[in-house]
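Examining the three-dimensional arrangement
Below, each chain spelled out in residue letters.
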Amino acid sequence: MTPYAYFFGCVIPNRYPGVEYSVRWVCGKEGFDLDVKDINEFSCCPVPGIFYSTDKDTWLLLASRNLTLAQNERREILTVCNGCLTSLLKATEYLQDPKNMGKVNRTLAQVGRKYTGIAKKGEGKRRVFEPVKVRHYVEVMTKEVGLEAIAARAKRPLKNIRVAVHYGCHYLRPTEHQTIDDPNDPVMIDRIVEACGATSVDYEDKLDCCGAGGGVRSHVVELANSLTQDKCTNIAAAGADCIVTGCPFCLLQFDNAQKTFSKDGIPVMHISQLQALAMGIDPISLGFDTHHVSAHSLLRKLRGA
Amino acid sequence: MGEAEKTFLSGLHEKLVEEKVIDESQLDPGFAKEIAKYGGKDVMTCLQCGNCTGVCPISLKIDYKTRSIIKYCQFGLRTYTLGTRWVCATCYRCYEHCPADINPAEVMIALRHIAVREGNIPPFVKIAATNLVKYGQSVKPDPEIDKIRKELGLDEVHSKHPEYKTVLREIAVLIHATKYDKLIGIEEEVKV
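In this text, all values refer to a predicted model and were calculated from it rather than measured experimentally.

1. So, the overall build of chain B
- Within chain B, the regular secondary structure consists of 12 helices and zero strands.
- When the helices and strands of chain B are placed in sequence order, the string is α-α-α-α-α-α-α-α-α-α-α-α.
- Within chain B, buried positions represent 42% of all 192 residues.
- Put simply, of all contacts in chain B between residues at least 6 apart along the chain, 68% involve residues at least 24 apart.

2. Side note on unusual backbone geometry
- Note that the residue after C45 of chain A, namely P46 of chain A, is joined by a cis bond; omega there is 0°.
- You can see P46 of chain A is positioned in the loop between β2 (36–37) and α3 (48–54).
- Cis rather than trans, the peptide bond between R173 of chain A and P174 of chain A has omega equal to -5°.
- Here P174 of chain A shows up in the loop between α9 (169–172) and α10 (188–195).
- Unlike most non-glycine residues, Y92 of chain B shows phi in positive territory, near 65°.
- Even without a glycine there, the phi angle at N103 of chain B is positive, about 60°.
- Examined against the element boundaries, N103 of chain B turns out to sit in the loop between α7 (93–97) and α8 (104–117).

3. Considering the environment of V220 of chain A
- Structurally, V220 of chain A is set in the loop between α11 (216–219) and α12 (221–237).
- Separated by 75 residues in sequence, V220 of chain A and A295 of chain A have C-alpha atoms that sit 28 Å apart.

4. Examining the domain arrangement of chain B
- The domain boundaries assigned to chain B delineate domain 1 (12–117) and domain 2 (123–189).
- Computed over C-alpha atoms, the centres of domain 1 of chain B and domain 2 of chain B are 33 Å apart.

5. Quick look at the interface of chain A and chain B
- Taken together, the contact pairs 53 residues of chain A with 54 residues of chain B.
- For the side of chain A that touches chain B, the secondary-structure elements that each account for two or more residues are α1 (11–15), α2 (17–27), α3, α4 (56–72), α11 and α12 of chain A.
- Each residue belonging to the side of chain A that touches chain B can be placed in one class, and the counts come to 22 nonpolar, 20 polar and 11 charged.

6. With respect to helix α11 (residues 164–177) of chain B
- Along its 14 residues, α11 of chain B runs 20 Å from first to last C-alpha, staying within 8% of the 20 Å computed at 1.5 Å per residue.
- Among the residues of α11 of chain B, V167, E170, I171, L174 and I175 of chain B are the ones counted as buried. All buried residues of α11 of chain B lie within an arc of 130° about the axis, which places them on one face of the element. Turned more than 90 degrees away from the buried face of α11 of chain B, the exposed residues are K165 and T166 of chain B.
- Its buried side turned inward, α11 of chain B meets α4 and α6 (98–108) of chain A together with α9 (123–135) and α12 (180–184) of chain B.
- Following α11 of chain B by one or two positions, K179 of chain B has its phi on the positive side, about 60°.

7. A word on the packing of α4 of chain A against α11 of chain B
- Packing of α4 of chain A against α11 of chain B brings their axes to within 10 Å, and their N-to-C directions diverge by 150°. Classed by the angle they form, the pair α4 of chain A and α11 of chain B counts as roughly antiparallel. Between α4 of chain A and α11 of chain B lies a crossing whose hand is right-handed. Across the interface between the two elements, T58, L61, L62 and R65 of chain A from α4 of chain A touch E170, I171, L174 and I175 of chain B from α11 of chain B.
- In terms of residue class, the contact of α4 of chain A with α11 of chain B is built from five nonpolar, one polar and two charged.

8. Topic: the confidence of the model for chain B
Residues and elements named next belong to chain B.
- Per-residue pLDDT for chain B has a mean of 88; in total, 89% of the residues score no lower than 70.
- Of all the helices and strands in chain B, helix α1 (residues 3–7) carries the lowest mean pLDDT, 43, while α11 carries the highest, 97.
- Considering only residues more than four positions removed or in separate chains, one finds that residues 1–10, a stretch of pLDDT under 50, has 16 contacts.
- Interface confidence in the predicted complex, given as ipTM, is 0.93; pTM for the same model is 0.94.

9. Let's talk about the sheet that holds strand β3 (residues 76–79) of chain A
Residues and elements named next belong to chain A.
- The strand order across the open sheet built from four strands is β2-β1-β3-β6, with neighbouring strands paired in parallel fashion. Edge positions in the sheet fall to β2 and β6 (134–136), since each of these pairs with one other strand and no more.
- Against the sheet, helix α5 (residues 82–94) engages β1 (4–7), β3 and β6, with an angle of about 155° to β6.

10. A short note on α9 of chain B
- The first and last C-alpha atoms of α9 of chain B sit 18 Å apart over 13 residues, in line with the 18 Å expected at 1.5 Å per residue.
- By the burial criterion, the buried members of α9 of chain B are V125, A128, A129, N131, L132, V133 and Y135 of chain B.
- Buried residues along α9 of chain B sit against α3 of chain A together with α11 and α12 of chain B.
- Of the residues flanking the end of α9 of chain B, it is G136 of chain B, one or two places downstream, whose phi is positive at about 80°.

11. Considerations on the nonpolar core
- Judged by nonpolar contacts, the single largest core of 151 residues is most densely connected at L88, I192, C196, C242 and V244 of chain A.
- Apart from residues no more than four positions distant in its own chain, L88 of chain A is found in contact with C45, A63, N66, L67, I77, T79 and V134 of chain A.

12. What to know about the sheet that holds strand β10 (residues 268–270) of chain A
Residue and element names in this part refer to chain A.
- Read across the sheet, four strands follow the order β8-β7-β9-β10 without closing on themselves; strand pairing throughout is parallel. Of all strands in the sheet, those with a lone pairing partner are β8 (199–201) and β10, marking the two edges. The average angle at which neighbouring strand axes cross in this sheet is 40°, direction not considered.
- The pairing of strand β7 (residues 162–166) with β8 spans three bridges and is classified as parallel. Bridging from a neighbouring strand, A164 pairs with V201 of β8.
- Contacting β7, β9 (242–245) and β10, helix α13 (residues 248–261) crosses the sheet at an angle of about 170° to β10.

The rules behind each value
- Residues numbered from 1 in each chain as written.
- Chains lettered and ligands numbered in written order.
- Predicted model: local features only at pLDDT ≥ 70, side-chain atom pairs only at ≥ 80, totals over all residues.
- Helix = DSSP H or I, 4+ residues; strand = E, 2+ residues; numbered from the N terminus.
- Buried ≥ 20, exposed ≤ 12 C-beta atoms within 10 Å, placed from the backbone.
- Contact = placed C-beta atoms within 7 Å.
- Domains from an automatic or database assignment.
- Nonpolar A, V, L, I, M, F, W, Y, C, P; charged D, E, K, R; others polar.
- Expected span 1.5 Å × (residues − 1).
- Arc of directions from axis to C-beta.
- Axes fitted to C-alpha atoms, helices over the stretch in contact; angles between N-to-C directions.
- Parallel < 35°, antiparallel > 145°, perpendicular 65-115°, else oblique.
- Left-handed = near helix turned anticlockwise from the far one by under 90°.
- pLDDT = per-residue confidence, 0-100.
- Pairing = 2+ DSSP bridges.
- Core = buried A, V, L, I, M, F, W, Y, C linked by C-beta atoms within 7 Å.

Laid out in structure tokens, this is it:
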């Protein structure tokens, strides 16, 4: 079994604890019992819209620091956020260049750390290092756990639940680094939704951006919300009961933006929350009370189903 | 007019139309090189095909046309490009559709690097960086959420552990080493 280290990032623990609970539940003893542990010294990935945008040296250093922690434990990083994925994955690519690695290690030495990558075992005298692997939760669910196992554990009937899947840009692009899914026709989250027994509905401009990324939400929130509004109009037209995403920042954007343009809104959740729901968790543990858009309509439909 | 358009009334295009004539004093011939220094590819090789604008979700909404910005970079129109608000969502669609492999999103990121070095620092950058220095996370902890964590039976956020002080110290040392604290003006937060 692949050893993983949880990387929850900043948004989940501090805004959507229900997502953290669901992920731990799905990956833990009550779920698929993966080999995954916490590394308490992790910091912010750091967030690409701020650090990668303003000073790449600082971004790479802070990301490398996180990577050394996983490296020392010989674990793959399991991210639950598209932003953390893109930031850490890009950093491992940068560190493949010996010049970058040398520069980073000269500064990391000030805090007693060194990035080498993980040494492969049993390769003779010459040690071969592999970059620290960074995985997205959706990728781990699809490739490590498998859709059949997900389907086998889905006991709560979700058949009547119509789900609009939103992938989020940094799950798909840039394809220079991200090669998890087909960037033009991604399928993984849809398949997990279907394996959970729910129905994934198609809608117009499904692959469009939620509007939050790159600092747009922080800088011109009206612009970010206007992009979200377009998405929500299309999602509502498809008759979806909820929006499911793999990214907590997209979740935050859908959740917060909707109150600016609609009264009720469409409930939004992370794919791990839907999985936990399908696997029979008590909905109270999903932490929906921290979401701005109430999940009542969805839960009512579930009870009726 | 929608809210988004209103916030962008003083757009790039309007500014150019208003002033009509651009004289040589506004052009910086070294601008393309400066962009490359911060990781952008050579903007001079842009074909001006417009694919980037066509796929840009922001270009659909407001007066922000990726192709035009790349063109202004070629001219070396510093003030116009650096004055652009940070509205690129870094969705990287332009990168996927660029036949010249310019990666316009990375050009926008290089422009932000230059803007910050000219003192044009949006407040949210300072806030996020300050949070990182104080809490190790760019999102500020919320006591209400901490309560719900407890109710759910989750442990305290790990950045609250007393041992996390060593992590904060490491972060401060690294941020100080790259002079990032000075660059964005958060020196008083970073104690090394």
